[in-house]
Amino acid sequence: MSSPRTDGRTFYDEVGGHETFQRLVHLFYEGVAGDDLLRPMYPEEDLTGAEDRLRMFLEQYWGGPRTYSEQRGHPRLRMRHHPFVIGPRERDAWLVHMKNAVDALELAPEQRQLLWTYLVNAAYSMVNAPGGQ
Ligand code: HEM
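Definitions and cut-offs
Residues numbered from 1 in each chain as written. Predicted model: local features only at pLDDT ≥ 70, side-chain atom pairs only at ≥ 80, totals over all residues. Heavy atoms only, no water. 1 Å grid on protein atoms, 1.4 Å probe; cavity = no way out; pocket = protein on both sides within 12 Å on 5 of 7 lines; lining within 4 Å. Points joined across faces, edges and corners; volume = space filled by probe spheres on them. Helix = DSSP H or I, 4+ residues; strand = E, 2+ residues; numbered from the N terminus. Nonpolar A, V, L, I, M, F, W, Y, C, P; charged D, E, K, R; others polar. Near = heavy atom within 4 Å. Polar contact = N/O pair within 3.5 Å; in protein donor to acceptor, adjacent residues only side chain to side chain. Sits in = over half its atoms within 2 Å of the grid points.

## Remarks on the layout of surface pockets
The rolling of a water-molecule-sized probe over the atoms marks out the regions of remaining empty space. Its volume calculated, the largest pocket comes out at about 770 Å³. Y29, Y42, H81, F84 and W94 are, among the 29 residues lining the largest pocket, the residues nearest its centre. Where the lining of the largest pocket is concerned, the elements lending two or more residues are α3 (48-61), α4 (67-72), α5 (77-80), α6 (88-105) and α7 (109-125). Residue contributions to the lining of the largest pocket peak at five residues, all from α3. Looking at the lining of the largest pocket residue by residue, the classes come out as 21 nonpolar, one polar and seven charged.

## What about the site of the ligand?
In the neighbourhood of the ligand, 20 residues make up the surrounding shell, with R53, Y68, R72, H81 and W94 lying closest. Within the side chain of H81, an N or O atom sits 2.8 Å from a nitrogen atom of the ligand. Between the ligand and W94, the relevant distance is 3.4 Å, taken from a nitrogen atom to a side-chain nitrogen or oxygen of the residue. Judged by its atoms lying within 2 Å of the grid points, the ligand is housed in the largest pocket. Elements with a minimum of two residues in the shell around the ligand: α3, α4, α5, α6 and α7. Broken down by element, the residue count for the shell around the ligand peaks at four residues, all from α3. Classifying every residue of the shell around the ligand by side-chain character gives 15 nonpolar, one polar and four charged.

So this is what it looks like as structure tokens:
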């Protein structure tokens, strides 16, 4: 999905580039900041670093700048989530905030569907404690 289309525009470009991803991830972390289950999982007191990392990753995935890999190396997301216990409750809480953020972007229906399907699959694949804690 991150490869350029024939007209050279990527999904990243089509949905509005940096501004759109910045908005998406910022709205998501506003939700996380007020979530009693998720907030304590984040090691840093300030969520802006986590916000930057998720934004850079998503921008890269969808065909935008490759800043994530320049700064962080290969994503290896399952490995990077290993320190955190992610069961169905954590996954669903993550998806609630992400859905609110995606909905707020008011994308075209087919763009919204593509982005949302990816995020749901990605969240399910990040579960490392299937039975919960
Ligand atoms: C990092 C939780 C799903 C992408 C993190 C961190 C936590 C976390 C606690 C550390 C924050 C930090 O960077 O300091 C969760 C939970 C999930 C989830 C509870 C529920 C399923 C996802 C998904 C994606 C994702 C689906 C991608 C679509 C990332 C990225 C980082 C990160 C890119 C930063 C990795 C790095 O470079 O160190 N996540 N995450 N996460 N998460 Fe998640």
